[in-house]
Amino acid sequence: MISREIRLASRPKGIPNAGNFLLAQSEVRPPEEHQVMVRNLFMSVDPYMRGRMNEGKSYVPSFELGEVLDGGAVGEVIESNAGEFKPGDIVTSNYGWREYFVAAPKELHRVSPETQPLSVYLGALGMTGMTAWAGLNLVEVKAGDVIYISGAAGAVGNVAGQLAKLRGCRVIGSAGSIEKVLFLRDECGFDVAFDYKVGSVADQLTIEAPSGIDVYFDNVGGETLEAALTALREHGRIIACGGISGYNEEKPRPGPSNLFNVTTKRLTMKGLIVRDWMDRRSEFEKEVGGYFREGKLKNKETVVHGIDQAVGAFIGLFSGKNIGKMIVKLGEPPERR
Ligand code: NDP
């Protein structure tokens, strides 16, 4: 079996470009005893992958130069020498950035083919949805809280806002275009959404939340974090989820100039790594899967087609090309049984 795959050709400096990647082919050997062959249907591109393209140790291992990348994927089992799976089963894995692969059963997670589209397992019911859910639990977001979410129209942000609304919060979001602002207000039920590119976040937060916010869900870092530190009320909480505004910086920037707010307002800032929540995956799937199947939660996605579009989709994350989860479709899903 010949599979196309994306390899890391060179380490990006600043914003990645197409030349940092190579579309190559490799032969996938048939599965051995207790192995399964999978045809990928969808793969994920995620901002955290940018950090893995740098040299040196981070909280996740760096990608190796010349090697195929990895990341979240949804696929169909097409051949199985393992009792746990049969052809036609739908599975998630960390074998993205390629069309076919062979793996051991323990590297696969079975999902229901009844829940559609199957790409939802990379979005609202996948890693990014779980990040949103985990973040709200991390700082115990509750009814009545005023929560501000940056990067709100992205994969994590829009689900965080929808879940916060279901908890009875007042939800404020910021995103980088009027189209995204309308999506947040009209489709996700945010109480307030604003475009961070048309005025300073600090000014817009002062207008939209004159008496302050209780929780800040940080996907962006930098100046946005600084604005949120000012807007937070006493005993406010920060979910430190991401800092995409700094991921392409060659030299780290100094931290927020007003960090002393943490002291004066007795704020709590908690770091979130979704992987730490894997032992609560079934709880997440039950709760958030329930909302999705009941029609209470939207799974918004931006889909590009073909592995040759995967690099462009990844780079597009850093200029806001996606609304909702950025998905790369690699193959046609099987007919529903
Ligand atoms: P998104 O779907 O939100 O895609 C990235 C978005 O970030 C873009 O659409 C763009 O939207 C916005 N963006 C890009 N550059 C900037 C910038 N300089 N300033 C402000 N916004 C910018 O990605 P995810 O939902 O997958 O991830 C969101 C954040 O959560 C990331 O920081 C990611 O690293 C983090 N994360 C953390 C996890 C954890 O375990 N801690 C797990 C998963 C994600 P716009 O048009 O609004 O600018």
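Before going into details, it helps to say that this report is about the structure given with it. (Residues numbered from 1 in each chain as written. Predicted model: local features only at pLDDT ≥ 70, side-chain atom pairs only at ≥ 80, totals over all residues. Heavy atoms only, no water.)

## Topic: the nonpolar core
Then, number 1: Counting 49 residues, the largest nonpolar core has Trp133, Ile147, Ile149, Leu184 and Phe217 as the members making the most contacts within it.
Then, number 2: Of all the secondary-structure elements, those providing two or more residues to this core are strand S3 (36-44), helix H2 (127-138), strand S8 (146-149), helix H3 (155-166), strand S9 (170-175), helix H4 (178-187), strand S11 (213-218) and helix H8 (281-293).
Then, number 3: If you tally residues by element for this core, the top one is H2, at six residues.
Then, number 4: Residues lining this core come from more than one domain, with at least three contributed by each of domain 1 (2-123 + 300-336) and domain 2 (127-275).
Then, number 5: Residues Met43, Leu69, Ile307 and Leu330 belong to the second largest nonpolar core, which totals 22 residues. (Core = buried A, V, L, I, M, F, W, Y, C linked by side-chain atoms within 4.5 Å. Buried < 20%, exposed > 50% of the residue type's maximum accessible area, 1.4 Å probe, protein only. Helix = DSSP H or I, 4+ residues; strand = E, 2+ residues; numbered from the N terminus. Domains from an automatic or database assignment.)

## So, the environment of Val68
Then, number 1: Along the chain, Val68 falls in the loop between helix H1 (48-52) and strand S4 (73-80).
Then, number 2: Expressed as a C-alpha distance, the spacing of Val68 and Ala18, which sit 50 residues apart in the sequence, is 15 Å.
Then, number 3: Those residues in contact with Val68, other than ones at most four positions away along the chain, are Glu5, Ile6, Arg7, Trp97 and Arg98. (Contact = heavy atoms within 4.5 Å.)

## Overview of the sheet that holds S8
Then, number 1: Across the sheet, six strands lie side by side as S10-S9-S8-S11-S12-S13; this open sheet has parallel pairing. Looking at which strands have only one partner, the edges of the open sheet turn out to be strand S10 (192-195) and strand S13 (268-271). The sheet shows a mean angle of 15° between the axes of neighbouring strands, direction not considered.
Then, number 2: Inspection of the sheet shows S8 paired to S9 by four bridges, in the parallel sense. Bridge pairing in S9 places Ile149 opposite Gly173.
Then, number 3: Lying on the sheet, H2 is in contact with S8, S11, strand S12 (232-240) and S13; it crosses S11 at an angle near 145°. (Pairing = 2+ DSSP bridges. Axes fitted to C-alpha atoms, helices over the stretch in contact; angles between N-to-C directions.)

## Focus on the packing of H2 against H3
Then, number 1: Where H2 meets H3, the axes come as close as 8 Å, and the angle between the chain directions of the two elements is 45°. Classed by the angle they form, the pair H2 and H3 counts as oblique. Taken as a pair, H2 and H3 cross one another with a handedness that is right-handed. When H2 is examined against H3, the residues Thr128, Gly129, Thr131, Ala132, Trp133 and Leu136 are found in contact with a partner set consisting of Ala155, Val156, Val159, Ala160, Leu163 and Ala164.
Then, number 2: Of the residues in the contact of H2 with H3, the class split is nine nonpolar, three polar and no charged. (Parallel < 35°, antiparallel > 145°, perpendicular 65-115°, else oblique. Left-handed = near helix turned anticlockwise from the far one by under 90°. Nonpolar A, V, L, I, M, F, W, Y, C, P; charged D, E, K, R; others polar.)

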